Amino acid sequence: MRVLVCVKRVPAPGARIVLNEDRRSIDTALLGFAVSPHEECAVEEGVRIVEQHGGSVTVLTLGPPEAEEQIRAAFAVGVHAGARIEAGPEDPDPVATARAIASAVQGLEGAAGPFDLILFGNESADSGGYQVGIRVAHALGRPIVSGIKAIEIDDGAMTVQRPTPQGAEVYELPLPAAVAVREGINLPRYPTLKTRLSAKKTPIELVTTDAAEGGQRMIELVPPPEDTSSVQILGDGPEAAAAVVDVVEQLVSL
Amino acid sequence: MSAFVFLVEHDRGAIAETTLGGLRAAREVAAAARLDLHAAIPGTSGDALADEVATHGPAGIHLLHHELLDDYGPDAWAAGASQLADSLGATAVAATGTDRGNEVLAHLAAVRDEAMVANCLTVSVGADAWEMTRVRWGGSLHERSSLTGDLKLLTFAPHAREPEPVGAGDASTATFTPTLDAVHATTVVRDRTETAAGVTLATAPVVVSGGRGVGSAEGFAPLEALAARLGGVVGCSRVVTNNGWRPHSDQVGQTGTVVAPDLYIACGISGAVQHWVGMMNAKHVLAINTDAQAPMVTKADWAVVGDLETIVPAILAEIDRRHG
Ligand SMILES: Cc1cc2nc3c(=O)[nH]c(=O)nc-3n(C[C@H](O)[C@H](O)[C@H](O)COP(=O)(O)OP(=O)(O)OC[C@H]3O[C@@H](n4cnc5c(N)ncnc54)[C@H](O)[C@@H]3O)c2cc1C
Ligand SMILES: Nc1ncnc2c1ncn2[C@@H]1O[C@H](COP(=O)(O)O)[C@@H](O)[C@H]1O
């Protein structure tokens, strides 16, 4: 099995998101960076599939040079190869992102053979467009289902499950295929010191593309209305229990 | 007048809770854009919804009939909506931004090579470009965007508008049979597993949620007891699921479940934006935290400062003392 996983570097904000003056980006001076938990699980799923069926896992990201940090984090949990599509500090729109990824995949496949499975996150953590994976799959002529929380591969065919409020829907996809997964499909492993060290040495391929833009344009970011509720402190420690039950009694019949 | 198509979402005949709110948003945008609103209902199992949909103001209702539409399939639903849009000369297609709504519109966008804007809160119609505010970061940030294209594709954030019936329901209803083939069949639901119904995290009236401050899987026992006593369920933060203390199905937040209970009790949860967006629509929030400056505390309605390990049992004891 050859598996490809697409991940996107995003800031990891804490309690509040602070905008830069240009109102087109968020202030990351004090923030760490991450990939969406959906994508972390996609990486783990790719590694598990290859552990079970043999083969290799490649991670692909479109982003600035700093995004190699996220590729190295994937190396540290078992990914074999990595590639980065050169991009500036501002995100391309989803159409351009998907075109660039599809073209990079074709390049990687031309060099080393087709990917049997391409994994995406269900949605990116920051922009949440719910579409890049689906666009890439269509461009490559592969089936894709989103929101997946279980994958089983058997003899060239794949069964995937998507949770619903009543249980789960089951889909069967022929390989090669693509799947957009959700956090919860697995519990990602932590890197070890050894894998972290070896991850520093794995080379990362650089890809350049010139994908044309689509029709969506970001104008500016807008903080949502602030929560103005002012907290009422009911007390300190267990002595506050009576005050807690006083308010709970207003809301719940006990 | 040209057409604006809204895709009505249902699961084998059961209407999706947020679809009529999206239909109302579509009605308002269609009116501003001087487009006729048409509702598309995929699959014969949705036929019975036509009467209800009609009272929400579409000019036409189209029952999309094909055996590949009888159960859900993103490719097939997108192809059906796309062909209907062409037959009506539509210039816009929308749905509510649910799992299915976003998925179908993205397939439609990919096939047509058009832009698609997910989870819009407001849309203002211009001569060429439309301008929208949309949800980012699960709701902790909004974005103003513009959208151009011959076929404008978008989804409305769930609950951006609440349903509003508008009278008689004199929409014309017609059957539309799209041409679908094996390609579309690949992603149709093949089978289902059903789990026992009960109070779910998404719909529970009370959620007692625990974070890193709970300390261990065993530490959740008093939270379980409190949730049971209040007729609610247990939720948790991502730190908790990452540590394996609770299953991911209990996680509240941007990449977990979004909840809107009457009462959300946050025990040992700091209140990171990715958690907050999952519970910000709770009617009341009670925070229990050792840190009086934790964002969850300062943004809550009520808070108790201190160790949850002693506070939660004290609350249970007080309930028992008063109510037996
Ligand atoms: C893209 C992305 C998506 C994410 N999605 C989610 C998501 O869906 N859901 C989610 O929850 N997180 C999500 N996160 C993670 C999020 O950023 C936080 O890391 C997480 O919510 C923190 O969990 P916590 O509050 O339990 O832990 P902490 O932030 O460590 O907070 C622990 C709190 O417990 C208090 N405490 C400690 N001991 C006690 C005690 N004995 N009694 C009372 N209080 C005590 C502390 O004062 C502190 O406030 C996401 C992150 C990213 C980057
Ligand atoms: N810049 C990027 N680089 C690599 N993969 C991406 C990028 N943007 C989006 N993706 C992938 O596409 C998925 C859906 O993204 P989106 O359409 O933005 O919600 C993400 O979870 C990633 O797997």
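About the cut-offs
Counting of residues starts from 1 at the beginning of each chain's written sequence and follows it residue by residue. Chain labels run from A onward and ligand labels from 1 onward, assigned in the order the entries are written. Predicted model: local features are reported for residues with pLDDT of at least 70 only, side-chain atom pairs are reported and counted for 80 or more only, and whole-chain, interface and lining totals are derived from all residues. Excluding hydrogens and water, the side-chain values take into account all heavy atoms of the structure. Here a strand is any run of E in DSSP of at least two residues, a helix any run of H or I of at least four, and the numbering for each starts at the N terminus. Pairs of N or O atoms are called polar contacts if they sit within 3.5 Å, as long as, within protein, a hydrogen donor faces a hydrogen acceptor (for residues adjacent in sequence, only side-chain-to-side-chain pairs). Here, two residues are considered to be in contact whenever any of their heavy atoms come within 4.5 Å of each other. Centre distance within 6.5 Å is the pairing criterion for rings of Phe, Tyr and Trp, where only the six-membered ring of Trp is used; planes under 30 degrees apart are then read as stacked, over 60 as edge-to-face, and the remainder as tilted. To sort residues, take the accessible area from a 1.4 Å probe on protein chains only and compare it with the maximum for the residue type: under 20% means buried, over 50% means exposed, and anything in between is partly exposed. Charge over a ring is defined by NZ of Lys or CZ of Arg lying within 6 Å of the ring centre and within 35 degrees of the ring normal. Put simply, a disulfide is two cysteine sulfurs that come within 2.5 Å. For the domains described, the bounds stem from an automatic or database domain assignment. Buried area is understood as the total, over both parts, of accessible area removed when two parts are fitted together, assessed with a 1.4 Å probe. Only one rule defines a salt bridge in this text: a Lys or Arg side-chain nitrogen within 4 Å of an Asp or Glu carboxyl oxygen. Proximity is defined per residue: if any heavy atom of the residue lies within 4 Å of a molecule or strand, that residue is considered near it. Shrake-Rupley sampling with a 1.4 Å probe provides the accessible areas, and residues are treated as covered by the protein chains on show and by no other component. Gly counts as polar in this scheme, as do all residues outside two lists: the nonpolar Ala, Val, Leu, Ile, Met, Phe, Trp, Tyr, Cys and Pro, and the charged Asp, Glu, Lys and Arg. Among buried residues, the Ala, Val, Leu, Ile, Met, Phe, Trp, Tyr and Cys ones that are joined through side-chain atoms within 4.5 Å form a nonpolar core. Each pair of strands is called paired provided DSSP finds at least two bridges between the two strands. Between N-to-C directions, angles cover 0 to 180 degrees, with each direction set by a line fitted to C-alpha atoms, over the stretch in contact for helices.

As for the side chain of B:Thr98
Residue and element names in this part refer to chain B.
Then step 1. Here Thr-98 lies in the loop between strand 6 (90-96) and helix 4 (99-112).
Then step 2. Within the structure, the side chain of Thr-98 is placed 2.5 Å from the side chain of Glu-9, a separation counted as a polar contact.
Then step 3. Separated by 2.9 Å, the side chain of Thr-98 and the backbone nitrogen of Gly-101 make a polar contact.
Then step 4. Not counting the four nearest positions on each side in its chain, Thr-98 is found in contact with Glu-9, Thr-18, Glu-103 and Pro-158.

Focus on the packing of aromatic side chains
Then step 1. A complete count under the given rule lists two aromatic pairs over all chains for this structure.
Then step 2. Aromatic side chains B:Phe4 and B:Trp130 sit 6.3 Å apart centroid to centroid with 10° between the ring planes, which places their arrangement in the stacked category. Placement of B:Phe4 in strand 1 (residues 3-7) and of B:Trp130 in strand 8 (residues 130-136) is noted, with a sequence separation of 126 residues between them. B:Trp130 matches B:Phe4 in its accessibility class, with the two residues each being buried.
Then step 3. A cation sits over an aromatic face here: A:Arg2 above A:Phe115, 4.3 Å from the ring centre.
Then step 4. Here the basic side chain of B:Lys299 rests over the ring of B:Trp276, its NZ or CZ set 4.3 Å away from the ring centre.

What to know about the state of the cysteines
Then step 1. In this structure the tally under the stated criterion is zero disulfides over all chains.
Then step 2. This cysteine, A:Cys41, is not joined by any disulfide, and B:Cys236 carries the nearest cysteine sulfur, 14 Å off.

What to know about the domain arrangement of chain B
All names here are of chain B.
Then step 1. Structurally, chain B comprises domain 1 (3-185) and domain 2 (206-322).
Then step 2. Taking only C-alpha atoms into account, the centre of domain 1 sits 37 Å from that of domain 2.
Then step 3. Domain 1 puts four residues into the contact, and the matching count from domain 2 is four residues.
Then step 4. Of the roughly 330 Å² buried at the junction of domain 1 and domain 2 (both faces included), carbon and sulfur atoms supply 64%.
Then step 5. Interface area lost by domain 1 to domain 2 is led by Trp-137, Gly-138 and Ser-140, which between them contribute 86%.
Then step 6. For the pair domain 1 and domain 2, the interface holds zero salt bridges.
Then step 7. For the pair domain 1 and domain 2, the interface holds zero residue pairs in polar contact (both at pLDDT 80 or more).

So, unusual backbone geometry
Then step 1. Of note, the bond from A:Leu175 into A:Pro176 is cis; its omega dihedral lies within 30 degrees of zero at 0°.
Then step 2. Considering the arrangement of structural elements, one finds A:Pro176 in the loop between strand 10 (167-174) and strand 11 (177-181).
Then step 3. Although it is not a glycine, B:Trp137 sits at a positive phi angle of roughly 50°.
Then step 4. By the element assignment, B:Trp137 lies in the loop between strand 8 and strand 9 (141-147).
Then step 5. For B:His159, which is not a glycine, the phi torsion comes out positive at approximately 70°.

Focus on the site of ligand 2
Residues and elements named next belong to chain A.
Then step 1. Taken together, 20 residues lie near ligand 2, and Cys-6, Glu-39, Ser-124, Gln-131 and Val-132 sit nearest.
Then step 2. The side chain of Glu-39 places a nitrogen or oxygen atom 2.6 Å from an oxygen atom of ligand 2.
Then step 3. Backbone polar atom of Gln-131 to an oxygen atom of ligand 2: 2.9 Å apart, as the coordinates give it.
Then step 4. For ligand 2, whose accessible area on its own is 480 Å², the fraction buried by protein is 97%.
Then step 5. Contributing elements (two or more residues each) for the shell around ligand 2: strand 4 (56-63), helix 3 (94-112), strand 6 (117-121) and helix 4 (132-140).
Then step 6. Of all the elements, strand 4 adds the most residues to the shell around ligand 2, at three residues.
Then step 7. The residue makeup of the shell around ligand 2, split by class, is eight nonpolar, nine polar and three charged.

As for the nonpolar core
Then step 1. Formed by 92 residues in total, the largest nonpolar core has its most connected members in A:Val5, A:Leu60, A:Ile118, A:Leu119, A:Ile151, A:Met158 and A:Val179.
Then step 2. Those residues within four positions of A:Val5 in sequence are excluded, and the remaining contacts are A:Glu39, A:Ala42, A:Val43, A:Val57, A:Thr58, A:Val59, A:Leu60 and A:Leu119.
Then step 3. Counting residues in hydrophobic clusters, the runner-up holds 34 residues, among them A:Val247, B:Leu230, B:Val240 and B:Leu286.

What to know about the environment of B:His10
Residues and elements named next belong to chain B.
Then step 1. Positionally, His-10 belongs in strand 2 (residues 10-11).
Then step 2. For His-10, a relative accessible area of 2% corresponds to the buried category.
Then step 3. In the structure, His-10 is positioned 33 residues away from Gly-43 in sequence and 9.3 Å away in space, judged by C-alpha atoms.
Then step 4. Apart from residues no more than four positions distant in its own chain, His-10 is found in contact with Ile-15, Ala-16, Ile-41, Pro-42, Gly-43, Ser-45, Gly-46, Leu-49, Trp-77 and Arg-100.
Then step 5. Within the local environment of His-10, its side chain forms a polar contact with the backbone nitrogen of Gly-13, the two atoms lying 2.9 Å apart.

Observations concerning the sheet that holds strand 13 (residues 216-222) of chain A
Then step 1. One open sheet holds the 10 strands; their spatial order is 13(A)-9(B)-8(B)-7(B)-10(B)-6(B)-1(B)-4(B)-5(B)-11(B), and the pairing between them is mixed. Only two strands of the sheet have a single neighbouring strand rather than two, namely strand 13 of chain A together with strand 11 (172-176) of chain B. Across the sheet, the mean angle from the axis of one strand to that of its neighbour is 35°, orientation sign disregarded.
Then step 2. Summarising the sheet, strand 5 (residues 60-64) of chain B and strand 11 of chain B pair through five bridges and their orientation is parallel. When the bridges of strand 11 of chain B are listed, B:Leu63 appears paired with B:Thr175.
Then step 3. Set on the sheet, helix 1 (residues 19-32) of chain B makes contact with strand 1, strand 4 (36-42), strand 6, strand 7 (116-125), strand 8 and strand 10 (152-156) of chain B; between it and strand 1 of chain B the angle comes to about 170°.

Re the environment of B:Val125
Residue and element names in this part refer to chain B.
Then step 1. Here Val-125 is to be found in strand 7.
Then step 2. Judged by its relative accessible area of 28%, Val-125 is partly exposed.
Then step 3. The sequence separation of Val-125 and Ala-33 amounts to 92 residues, and the corresponding C-alpha distance is 5.9 Å.

Thoughts on the site of ligand 1
Then step 1. Taken together, 27 residues form the shell around ligand 1, and within it B:Arg212, B:Ser237, B:Ser270, B:Gln274 and B:Asn289 come nearest.
Then step 2. Surrounding ligand 1 are residues belonging to chains A and B, so the site spans chains.
Then step 3. B:Ser270 is positioned with one of its side-chain polar atoms (N or O) 2.6 Å from an oxygen atom of ligand 1.
Then step 4. In the model, a nitrogen atom of ligand 1 is placed 3.3 Å from a nitrogen or oxygen of the B:Thr290 main chain.

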